[in-house]
Amino acid sequence: MPVVWNDRCRLHDPGGEIFVGVRTPGTEVVARADRILAALAEADARVVEAEQHSEVALLAVHDAALLEFLESAWRKWTGAGLDRKRHQDRVVPYVFAHAALTSGRPAAVPTAVWARTGYFAYDTMTLIGPGTWDAARAAVDSALTAVDLVAAGAPCAYACCRPPGHHVCRACYGGSCYLNNSAVAAAALANKLGGSVAVLDIDAHHGNGTQEIFYERGDMLVGSVHVDPGAGWFPHFVGFAVETGSGAGAGANKNLPLPPGAGDEPWLDAVKELADWARTAGATSLVVPLGVDAAAGDPESPLRVSAAGFRRAGRLLGGLGLPTVLVQEGGYDLESLGQLVREVLLGVEEGL
């Protein structure tokens, strides 16, 4: 399976996270990509350099205003002297454009960058630094290059994307994500191959951004197995089983939340249910937002999936026999991360 990578993905340094008002060390660090690439090199993976793509693919899933903000945020932040005058070396919001402020009316877009940030960000933990935009664009290019490979006839391709993306909505970002790599890949795959795309997310956290982007599209089957947000886990506000799509997308969204502590069997049952659902619905291609933070021992999730469980999940997804693009999302235990990604990819190849 080709592995798509771009060294520009290393440029993002979040400089930590601000969680419950406290700055803590970041978990989405460049070492994640290093561990994955090292593990895949041991398996003699073929690495393909990501090619640059136009912004047109991004505009298929994101508002132009969000892209403009992300591209210019660091430049405007430092231009306003916030890194010097306020000693804040990352772009971080302090006030948010909550819908209740305007009784549902559109909020005004603030002029000041320190207020503008809270118009587009929905949390305080997703910080922007000097290399964030370049890395996020490189991650999108990696996902789109994987799509190109599959459209050209490869049965599957893996994009080692960093930063991840599945928490980004059409017009707002958060969850340590800046651009929705998986959603961009799915839209591009639909454009190139036609038919309906199944986006089956196995990250431990609900892919809320992908859900919201495609919630009213019937040609995008968005399924997710994740820890129950009702049990206190990110993204907290969405990711419940009652969310099934609306309008043309009614019935095209499927969430399978699991209780904390769930291990291989319930998790694999859910992965199989998603795969069967996609097969029955007639999906003609597949995007897998590949998070491995459902693993036992991952610090960011209470799920307990084993390496063997990830291998079996790969076989289930590969067993769909569809043109498949896998896009890296979460996974934060540096000791096991690379091995777990390798297990999924090997499983996919075995299942095809």
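Our subject is the structure that appears above.
Predicted model, so just to flag it, every value in this text is computed and none were measured. (Residues numbered from 1 in each chain as written. Predicted model: local features only at pLDDT ≥ 70, side-chain atom pairs only at ≥ 80, totals over all residues. Heavy atoms only, no water.)

Q: Could you give an account of the nonpolar core, naming the residues involved and the relevant values?
A: If you look at the biggest cluster of nonpolar residues, it comprises 106 residues, and the most contacted ones within it are L70, Y158, Y173, L200, W267, L290 and F310. With 10 residues, the top contributor of residues to this core is helix α6 (residues 132-151). Residues contacting L200, with those up to four places away along its chain left out, are G223, L274, A275, W277, A278, L286, V287, V288, P289, L317 and L320. (Core = buried A, V, L, I, M, F, W, Y, C linked by side-chain atoms within 4.5 Å. Buried < 20%, exposed > 50% of the residue type's maximum accessible area, 1.4 Å probe, protein only. Helix = DSSP H or I, 4+ residues; strand = E, 2+ residues; numbered from the N terminus. Contact = heavy atoms within 4.5 Å.)

Q: Help me get a handle on α6, residues and values and all.
A: In this model α6 runs 29 Å from its N-terminal to its C-terminal C-alpha over 20 residues, within 8% of the 28 Å that 1.5 Å per residue would give. For α6, a buried count of 16 out of 20 residues is recorded, marking the element as mostly surrounded by other parts of the structure. Count one or two residues on from α6 and you reach G153, which has phi positive near 125°. (Expected span 1.5 Å × (residues − 1).)

Q: An account of helix α11 (residues 337-351) is requested, with residue identities and associated values reported.
A: Along its 15 residues, α11 runs 21 Å from first to last C-alpha, staying within 8% of the 21 Å computed at 1.5 Å per residue. Taken as a whole, α11 has its buried residues at L337, G338, L340, V341, R342, E343, V344, L345, G347 and V348. Buried-residue contacts for α11 involve α1 (30-42), β5 (156-159), β9 (285-290), α10 (307-318) and β10 (324-328).

Q: Can you explain the pattern of salt bridges? Please cite residues and give values.
A: Pairing is possible between side chains of opposite charge, provided their charged atoms come close. Overall, the coordinates contain 24 salt bridges when judged by the stated rule. Residues R90 and D13 are paired through a salt bridge, measuring 3.4 Å at the closest nitrogen-oxygen approach. Taken together, the positions of R90 in the loop between α4 (82-85) and α5 (113-120) and D13 in the loop between β1 (2-5) and β2 (17-19) put the pair 77 residues apart, joining distant regions of the chain. Overall, R90 belongs to the buried group, its relative accessible area being 10%. On the basis of relative accessibility, which here comes to 45%, the residue D13 falls in the partly exposed class. With its nearest N and O atoms 3.0 Å apart, the salt bridge here joins R162 to E28. (Salt bridge = Lys/Arg side-chain N within 4 Å of Asp/Glu carboxyl O.)

Q: Now, about the sheet that holds strand β7 (residues 220-227): what can you tell me, with residues and values included?
A: Taken in spatial order, the eight strands of this open sheet run β4-β1-β5-β10-β9-β6-β7-β8, and their pairing is parallel. Of all strands in the sheet, those with a lone pairing partner are β4 (46-49) and β8 (253-258), marking the two edges. Strand-to-strand, the axes of this sheet are offset by a mean angle of 20°, without reference to chain direction. By the bridge criterion, three bridges tie strand β6 (residues 197-201) to β9 in an arrangement that is parallel. Bridge pairing in β9 places V197 opposite S285. Seen against the sheet, α11 touches β5, β9 and β10 and runs at an angle of roughly 175° to β10. (Pairing = 2+ DSSP bridges. Axes fitted to C-alpha atoms, helices over the stretch in contact; angles between N-to-C directions.)

None of this, on its own, says anything about what the molecule does.
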